[in-house]
Amino acid sequence: DAKTTQPPSMDCAEGRAANLPCNHSTISGNEYVYWYRQIHSQGPQYIIHGLKNNETNEMASLIITEDRKSSTLILPHATLRDTAVYYCIVRVTSNTGKLIFGQGTTLQVKP
Amino acid sequence: EAGVAQSPRYKIIEKRQSVAFWCNPISGHATLYWYQQILGQGPKLLIQFQNNGVVDDSQLPKDRFSAERLKGVDSTLKIQPAKLEDSAVYLCASSLSAGDTEAFFGQGTRLTVV
């Protein structure tokens, strides 16, 4: 699975959009971009995933560049409850696909 | 739908003792993962099962760690003997299949080795 690079930490004001970047320059054509988050003392939670096109769900939006070498997770209106570690993962979606976590980005949402 | 259940939530043992963790995945989920998360780090995959077969255990320290998933449902992870550096949160996760988009995680077992 390809490796990802994320900033170790970011701050965001409550109510503003949080934009979390991820670099995955060695991603293969059959690898998807996944985002998980981990709130303190809990297990990781799935947020969103995508292959080429931009994706949106009730939690977030995922913007993937045309060359697929980077992506951005957008939380449109961050709340204090969004304070967590956010992990960007690339993986194949197959029976041998592994879910490998990096160090992630610690997002601190401030009042 | 019930989530992934893990027990115990907390465990304190002395080094060289043995310990076992239990995981009950979501009903019908074929894929089960065990992760080790050391404080301040991301979860590290120890072993991945597809039903009762092992898909990947390349990061499992096999001299002291073992895991099984009998009948393709519940799973246990054992450490024998424990070392100080095994202090971590042990997370279990499951998904419908390895290719499924979403894995569901339990709350984990916090192990402290003294």
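Look above for the structure.
Residues numbered from 1 in each chain as written. Chains lettered and ligands numbered in written order. Predicted model: local features only at pLDDT ≥ 70, side-chain atom pairs only at ≥ 80, totals over all residues. Heavy atoms only, no water.

1. Section: the overall build of chain A
The secondary structure content of chain A amounts to zero helices and nine strands. In sequence order, chain A lays out its α and β elements as β-β-β-β-β-β-β-β-β. Taken over C-alpha atoms, the radius of gyration comes to 13 Å for chain A, in line with the 13 Å a tight globule of 111 residues would show. Out of the 111 residues in chain A, the part that is buried amounts to 43%. Residue pairs in contact within chain A that sit at least 24 positions apart in sequence constitute 58% of those at least 6 positions apart. When the accessible surface of chain A is summed, it comes to about 5700 Å², and 49% of that surface belongs to carbon and sulfur atoms. When the 10 basic and 9 acidic side-chain charges of chain A are each reduced to a single mean position, those positions are 4 Å apart. (Helix = DSSP H or I, 4+ residues; strand = E, 2+ residues; numbered from the N terminus. Rg over C-alpha atoms; globule rule 2.2 N^0.38 Å. Buried < 20%, exposed > 50% of the residue type's maximum accessible area, 1.4 Å probe, protein only. Contact = heavy atoms within 4.5 Å. Areas by Shrake-Rupley, 256 points an atom, 1.4 Å probe, with all protein chains shown as cover. Lys, Arg positive; Asp, Glu negative; His and termini not counted. Charge placed at Lys NZ, Arg CZ, Asp CG, Glu CD.)

2. Focus on the sheet that holds strand S5 (residues 55-56) of chain A
Residue and element names in this part refer to chain A. If you walk across this open sheet you meet the four strands as S2-S7-S6-S5, and the pairing is antiparallel. Among the strands making up the open sheet, the edge pair consists of strand S2 (18-23) and S5. Where strand S6 (residues 61-64) lies against strand S7 (residues 70-75), four bridges are found, and the strand directions are antiparallel. In the strand pairing of S7, Leu-62 is matched with Leu-73. (Pairing = 2+ DSSP bridges.)

3. A closer look at the pattern of salt bridges
All names here are of chain B. Tallied over the entire structure, the rule returns four salt bridges over all chains. Note that Asp-57 is salt-bridged to Lys-62, the shortest N-O span being 3.7 Å. As a salt-bridge pair, Asp-86 and Arg-64 come within 2.5 Å of each other at their nearest N and O atoms. Of the two residues, Asp-86 sits in the loop between strand S8 (75-79) and strand S9 (88-95) while Arg-64 sits in the loop between strand S6 (53-56) and strand S7 (65-68), which places them 22 residues apart along the sequence. (Salt bridge = Lys/Arg side-chain N within 4 Å of Asp/Glu carboxyl O.)

4. Some details on the environment of A:Ser41
Within the secondary structure, A:Ser41 is located in the loop between strand S3 (31-38) and strand S4 (45-50). The residues contacting A:Ser41, other than those within four sequence positions of it, are B:Arg9 and B:Gln107. Side-chain polar atoms of A:Ser41 contact the side chain of A:His40, separated by 3.3 Å. (Polar contact = N/O pair within 3.5 Å; in protein donor to acceptor, adjacent residues only side chain to side chain.)

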